[in-house]
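# Descriptive analysis of the structure
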Amino acid sequence: ASSFHYTFGGVKKLAVREKLENGMRLYVSVPLSEAYQDLQRPILFMILGSLLLFLTVIILSVYTVRIIHRQQEEKELRVKLEKEARSLKELTELMGSMSTLLSNMPAMSFSKDAETGVYLACNQAFAEYAGKSSPEEVVGLTDHQLFDQATADHFVEGDQKALAMDGAYIFF
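In this report, we go over the structure that sits alongside the text.

Rules used throughout
- Residues numbered from 1 in each chain as written.
- Predicted model: local features only at pLDDT ≥ 70, side-chain atom pairs only at ≥ 80, totals over all residues.
- Heavy atoms only, no water.
- Salt bridge = Lys/Arg side-chain N within 4 Å of Asp/Glu carboxyl O.
- Helix = DSSP H or I, 4+ residues; strand = E, 2+ residues; numbered from the N terminus.
- Buried < 20%, exposed > 50% of the residue type's maximum accessible area, 1.4 Å probe, protein only.
- Phe/Tyr/Trp six-rings, centres within 6.5 Å; stacked < 30°, edge-to-face > 60°.

Under the defined criterion, the tally for this structure stands at 3 salt bridges. A salt bridge links D143 to K112; the nearest nitrogen and oxygen atoms lie 2.4 Å apart. Taken together, the residues D143 in helix 4 (residues 143-146) and K112 in strand 4 (residues 110-112) connect sequence positions 31 residues apart. Accessibility assignment for this pair places D143 and K112 in one class, buried. With a closest N to O distance of 3.4 Å, E157 and K161 form a salt bridge. With E157 and K161 both in helix 5 (residues 149-164) and 4 residues apart, this pair spans about one turn of that helix. For E157, a relative accessible area of 43% corresponds to the partly exposed category. K161 sits in the partly exposed class, given a relative accessible area of 41%. Through salt bridges with shared partners, one network takes in K112, D143 and D159.

In structure tokens:
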């Protein structure tokens, strides 16, 4: 059997030709829209199913990429936090060592607020020099609260010189 398309009266048609055993030919002709009518529904379902499958794959891919990206960000954050925790531990240990060193060395050491002149910290040697039994008794006081007028004025003058300099300033 052979088939061909043609148009008759403005209607597209499909014709099938078959040679019969008696030598005659049989022609069957139908409008093209009717010829494929039984195939249209399954083809439509296949197309819609393919589109649905395609959209599902895209949505799952985007979701998977987001999960992977989030996991990577969480891993990077975990690594960063672990590094910062190690650094903080090392800094705490170093500060403890420095505090022990400053507290137990025979030379006096202290720190003051540059604007108010209030002592923020000192070691035992400075506390004893100031006539106090512990550094805690010195913290929060000024030179004028700890020493006589002349000594306090001398220390305040030294502080002002130290603050005016760009480098280290040592005075006795």
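All right, on to the packing of aromatic side chains then. Taken as a whole, this structure holds 9 aromatic pairs when the rule is applied. A ring pair is formed by F126 and Y129, whose centres lie 6.3 Å apart and whose planes are at 45°; its orientation type is tilted. Of this pair, F126 and Y129 both sit in helix 3 (residues 124-129), 3 residues apart, which is roughly one turn of the helix. F126 gets classed as buried once you look at its relative accessible area, which sits at 2%. Ring geometry for F126 versus F147: centroids 6.3 Å apart, planes at 80°, classification edge-to-face. Pair noted here: F126 is in helix 3 and F147 is in the loop between helix 4 and helix 5, with a separation of 21 residues, a long-range link. Like F147, F126 is buried. Connected via pairs of aromatic rings, a cluster forms that spans F110, Y119, F126, Y129, F147 and F155.

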